[in-house]
Amino acid sequence: MNIFSALESSVLKLSRRNFLTYASVSTATLLAARSQAEAARQWLDPRRVQATPASPGDRGTRTVYSACLGCNARCGTRMTVQDGKLATIAGNPYHPYNMRFDPLEYHTPVRESLQTPASVCGKAHDAPNYVNNPYRLVRPLKRSGPRGSGQFEPIEWDRMIEEIVQGGKLFAHVGEERRVPGLAELNSDRPIDPKAPELGPVRNGFVFIAGRDQSGRQEFTSRFVKEAMGSVNRVGHTDICGLGFRMGNFALTEKKEVELKADPLSAEYLLLFGANIYEATQPGINTYGALVASRSAAGKTRFTVIDPRATNASAHAEDWIAIKPGQDGAFAMGMVRWMMENDRCHTAYLSAPNPKAAAKVGHGSYSNATHLVVVEPGHRQEHRFLRMSDLNPALTGEQASAYVVLGAEDKPFPFDAVESAQLDREATLVGPNGSTIRVKTSFRLLAESARRFTLEQYAASAGVTPEQIVRVAREFTSHGTRAAVCQYHGAGNYASGVHAAYSVAVLNALIGSVDRKGGYLKGSGAAGSWNQGSFDLKAFPSQLKAKGVMLSREGASYEKSSEYRRKKEAGGSGYPARRPWFPFTLGGLCVETLSGIDQGYPYACQVLFSYFFNPVYSIPGGQRFASTLKDPAKVPLHVSIDVCINESNLYADYIVPDITYPEGHYAFLTPHAPALKFTAVRTPAIEPITGKTKDGRSYGLETFLIDLALRAKLPGFGAGAIPSGDGKLHPLTTGEDYYLRGIANLAESAKLPEASPEEVSFVEQNYPVARFKAMLSESQWKRTCYLLARGGAFTGRYRDDFQGENHKAGVKRVALYNEELATCRNFRSGALIPGVATYLPPEDAAGNVLERADSDYPFALVTHKMNLHAQSRTTSHRWSMEVFPENYVVMHRDDAARLKILDGEKVRLISSSSPQGVTGKVRVSTLVRRGCLAVSFHYGHTQMGASSLPVRSADQVFLGKDVAGPQGLKGDPRLGTGILPNDLGRMDEALGGLPLVDVVAGIPDFSSTRVRVEKLSS
Ligand code: SF4
């Protein structure tokens, strides 16, 4: 039985289960279920899986506690090194993620911990193959032919540094006479556009885009980009990583938090919107998924999967609701409507207008449900909260700015003066000089929004039945506050996704489960501070402050731009802007950065650094950016820092070889939600295997940025770059100068004791970082050893995170109405954006509903991740490739029968943006909604070893000598199996034919691509 048929039989059982009442389940069935549950519990106990690795002290063996980067879930690792090579990876028993929230007591001696097994997921086990990937670069490359030709040659490190700093006619040898700008000429405070001074200085022509980065390298690169070069353009990749669901939380918490999730340890019911918890989630599948699985098997929790595709978790779910892609908001707003009309909201919580009132009804957070919003047309506060000063201009200070609520008989009060206020109400109040002000409560505005459509209309939009919405809403509201949604990448990662994700998030507020045990929780934060303390890693002499507007326009208002002013002065409305601006976004908009680079808007890019980033592969429609990267007029200089030649840095001018995470990637990792307080620390287990500079430092990100800074005479690097509390200045000439001092700060801030002589010796004999110990005092080093020996500071426990039922570190205020969102405007029309959760179908920038616009393409395409694969590492994860060597176009069997397509046959998928289409093999299944096709990521690579390339002196450039030949790199077509669904990604013709994004927050669209299927002859 393959994985598809096993899951199908589970889901068929699940459908049957929906017809059973609990009363009809026989005693024998219950007993059998109990014994199965017990078996599952034993099997899933991390103490029973993954044998203890060889003990330290075995000949040639070392053990290092560190942190994984097989994905961004931040699990701990126990890496075993034999004869200098990474041998195995297991989990860290001190780390709650490896122990399903029940880690070893933190002060347990390290010797004992080594006997305690702890789990990591399958992806992590492939780390040795990732490190030893023969296609890894060990020497820097310079382009020796046209961009994209794959012609590269090795270049000496120092010469590369010189060329990137100084610029010049760097490619004259390949017939390019243009002058390439270097970093030195961008080190200037002249305005980048004298007609638009708000855009900032010339420095902003330097753009750094980071793919996978985490705290540690994140701050290190920010130091270089923002504080040494002074550019605002250090951009993350949150947009393609899952901006959609985070924007829902961003709106719900008024920009305070983005990582909130259902509590897997105490929830009685979880509602999973687009959350693939058994295959890809944060915390990882061996944490979140395993906890939910074991509690579900024990009968302690139930959950429903809402997803166009039956995820693996569907096998254990109460129900799998095969929703239409991009319609999570319709389902959620249907629930909101039913909950409001059937008195299923937590009205006592919602009626509490301030923290004290909420505490009286037992809650640690309060909502703005009762706060009044001005709806009086033309009032200067229209769409904003009414403040007491709007009623009485004589008030000052806090009295003036207080929100207003309605008491009995519609009498207005400051929000903090009453214990309860009217919830679902509108009124006309008397303002200054007898003026009238029409107001509504936030709750009333949400209720009106929910009533825009009937339950039947919501169900039709979501492609489900009204009964399914009602059934889920009834279950969701039957567990008090021990229920919550867990929304993830599937929910909201599409155009109009901000309001979809806000609609999903607000469900938690309506039952009062935000920051309640078993409810919707944020993380509890870090165990301590790492970048300040004895050593100041934030401030340094001559530090610059980056100014201006980012190329992505994130966090900037179009209405404050010179472009808007000029259009207004010319007599127009000021609209449209050339491209959207994103004042209300979490940010990390790599897609809009690249679109800005393509369009030279709002200004031109001069020098692009891309780090661990493969946009041509990883962005829906990303292949469009190949032409951007290829064009020297749009990207005059492109430097990539990466471990391999990938589909994007194929177009780079220089590629700097980087190290992998077992060789470095120092990091300080705090928990994703829910709850928990810790800082896991990543340090290397093995010495880097990249080449070395003349003075013996390994090639990699840190060495590269340090050497550039020294050559360009930038502040913050070199001698005297790190101040300490004793008034001294310390050098920053290696990564360890920065990171080891950070670890010492953390050990001090977390108040860790000094390690015993045995544990100091354990670190000194096992951890490569120990050779830098001389930069710390003896006491600092001993405390640092205490932390290193345990892989981080894990002093907090889940049980300590709560006071009664309330999360101590929780969100304090929850927004049913978001004033800031409500005062943002559409970039084309200038129309205001709704400030409450509401249903909006996915649209392009011109306002065309995408489902309608692409009605000639009958199938919706959905994408997903698999449990053993990771985007940028699949080709090197040899063991995972053996298990799942290719992907499929998963098609419902009814659709396959109608089109006369058999399992395994080849089809071409064609979208409106990809008339040439892509070709893949069909897997006929019932695990996907009819009318949808599901294709996993990870496959369809054309680089990373999949193609031969004319790289000169390949035997000196790549790690594996057997992949080098006289013609250059020898590709292995087996690494290019399967298809890449992103190649079909929907473009937005209204915005220059560039990848489609949500115009409110810049969310890339992963759900609106529609395709036609052509059967190919077998
Ligand atoms: S989920 Fe797996 S790959 Fe991701 S961090 Fe955890 S162990 Fe590593």
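The name given to the chain in an unreviewed UniProt entry is Tetrathionate reductase subunit A, with Geomonas limicola as the source organism. Comment text from UniProt for the chain, heading Sequence similarities (unreviewed entry), reads "Belongs to the prokaryotic molybdopterin-containing oxidoreductase family."

Enquirer: Even after reading the chapter, I still don't get the site of the ligand, so can you show me in this structure?
Expert: What surrounds the ligand is the set Cys68, Gly70, Cys71, Ala73, Arg74, Cys75, Val120, Cys121, Lys123, Ala124, Gly284 and Asn286. The site holding the ligand turns out to be the second largest cavity. Residues that form the shell around the ligand fall into these classes: seven nonpolar, three polar and two charged.

Enquirer: Please explain the side chain of threonine 660 as it appears in this structure.
Expert: Here threonine 660 shows up in the loop between strand S22 (654–657) and strand S23 (667–669). A distance of 2.4 Å separates a polar atom in the side chain of threonine 660 from a polar atom in the side chain of glutamate 663. Once you skip the residues sitting within four places of it in the chain, threonine 660 turns out to touch Tyr130, Val131, Arg136, Val643 and His665.

Enquirer: How should I be thinking about the sheet that holds strand S13 (residues 372–374) in this particular structure?
Expert: Paired through their backbone hydrogen bonds, the strands of a sheet run either parallel or antiparallel. Overall, antiparallel pairing links the three strands, which are arranged S13-S17-S16 in an open sheet. At either end of the open sheet lies a strand with only one pairing partner, and these are S13 and strand S16 (426–430). Ignoring strand direction, the axes of neighbouring strands in this sheet form an average angle of 40 degrees. In this sheet, strand S17 (residues 436–441) lies alongside S16 in antiparallel orientation, the contact comprising five bridges.

Enquirer: For this particular structure, what's the right way to read the domain arrangement of the chain?
Expert: One frequent convention defines the size of an interface as the accessible area lost when the parts assemble. For the chain, the assigned domains read domain 1 (141–237 + 543–678), domain 2 (364–447) and domain 3 (840–1015). Distance from the C-alpha centre of domain 1 to the C-alpha centre of domain 2: 45 Å.

Enquirer: Is there a simple way to think about the nonpolar core in this case?
Expert: Note on soluble globular proteins: their nonpolar side chains tend to be buried together. Core analysis: the biggest nonpolar cluster contains 171 residues, and Ile164, Phe224, Phe609, Ile645, Phe704 and Leu708 have the highest contact counts within it. No fewer than three residues from each of domain 1 (141–237 + 543–678) and domain 3 (840–1015) sit in this core. Excluding its chain neighbours within four sequence positions, the residues that come into contact with leucine 708 are Ile161, Ile164, Val165, Leu183, Phe224 and Phe609. Residues Phe250, Leu260, Ile321 and Cys345 belong to the second largest nonpolar core, which totals 91 residues.

Enquirer: What exactly am I supposed to notice about the layout of surface pockets here?
Expert: The probe, sized like a water molecule, is rolled over the atoms to show the empty space still left. What the second largest pocket holds in volume is close to 1100 Å³. Contributions of two or more residues to the lining of the second largest pocket are made by helix H8 (217–228), strand S7 (234–235), helix H9 (238–252) and S23. Considered class by class, the residues forming the lining of the second largest pocket number 12 nonpolar, 17 polar and 12 charged.

Enquirer: How should I be thinking about the packing of aromatic side chains in this particular structure?
Expert: Any pair of aromatic rings gets described here by the distance separating the centres and the angle formed by the planes. A full pass over the atoms with the stated rule returns 44 aromatic pairs. Ring centres of tyrosine 97 and phenylalanine 678 lie 5.2 Å apart, and the angle between their planes is 90 degrees; on these two criteria the pair is classed as edge-to-face. Of this pair, tyrosine 97 sits in the loop between strand S3 (85–90) and helix H3 (110–113) while phenylalanine 678 sits in the loop between strand S24 (675–677) and strand S25 (679–682), placing them 581 residues apart in sequence. Taking relative accessible area as the criterion, tyrosine 97 reaches 0% and is therefore assigned buried. Judged by relative accessible area, which is 0%, phenylalanine 678 ranks as buried. Ring plane angle 70 degrees and centroid distance 5.8 Å describe the contact between phenylalanine 762 and tyrosine 767, whose orientation is recorded as edge-to-face.

Enquirer: Looking at this structure, I do not really get the packing of helix H26 (residues 757–766) against helix H27 (residues 778–788). What am I missing?
Expert: Each pair of packed helices gets described by two things: the angle between the helix axes and the distance between those axes. It is at 9 Å that the axes of H26 and H27 come closest, and there the two elements cross at 75 degrees. By the angle between their directions, the pair H26 and H27 is classed as roughly perpendicular. The residues of H27 that touch H26, namely those facing Glu759, Val760, Val763 and Glu764, are Trp781, Lys782, Cys785, Tyr786 and Leu788. Taken together, the residues of the contact of H26 with H27 sort by class into six nonpolar, no polar and three charged.

Enquirer: Could you clarify how one ought to interpret the sheet that holds S3 in this entry?
Expert: One open sheet holds the three strands; their spatial order is S1-S2-S3, and the pairing between them is antiparallel. Taken across any chain shown, the strands that pair with only one partner, and hence form the sheet edges, are strand S1 (61–67) and S3. The sheet shows a mean angle of 30 degrees between the axes of neighbouring strands, taken without regard to direction. Strand direction decides the pairing type here: S1 and strand S2 (residues 76–82), joined by seven bridges, are antiparallel. For arginine 62, the partnering residue across the bridge sits in S2 and is valine 81.

About the criteria used
- Residues numbered from 1 in each chain as written.
- Predicted model: local features only at pLDDT ≥ 70, side-chain atom pairs only at ≥ 80, totals over all residues.
- Heavy atoms only, no water.
- UniProt positions renumbered as here; feature names shortened; annotations may be inferred.
- Near = heavy atom within 4 Å.
- 1 Å grid on protein atoms, 1.4 Å probe; cavity = no way out; pocket = protein on both sides within 12 Å on 5 of 7 lines; lining within 4 Å.
- Sits in = over half its atoms within 2 Å of the grid points.
- Nonpolar A, V, L, I, M, F, W, Y, C, P; charged D, E, K, R; others polar.
- Helix = DSSP H or I, 4+ residues; strand = E, 2+ residues; numbered from the N terminus.
- Polar contact = N/O pair within 3.5 Å; in protein donor to acceptor, adjacent residues only side chain to side chain.
- Contact = heavy atoms within 4.5 Å.
- Pairing = 2+ DSSP bridges.
- Axes fitted to C-alpha atoms, helices over the stretch in contact; angles between N-to-C directions.
- Domains from an automatic or database assignment.
- Core = buried A, V, L, I, M, F, W, Y, C linked by side-chain atoms within 4.5 Å.
- Buried < 20%, exposed > 50% of the residue type's maximum accessible area, 1.4 Å probe, protein only.
- Points joined across faces, edges and corners; volume = space filled by probe spheres on them.
- Phe/Tyr/Trp six-rings, centres within 6.5 Å; stacked < 30°, edge-to-face > 60°.
- Parallel < 35°, antiparallel > 145°, perpendicular 65-115°, else oblique.

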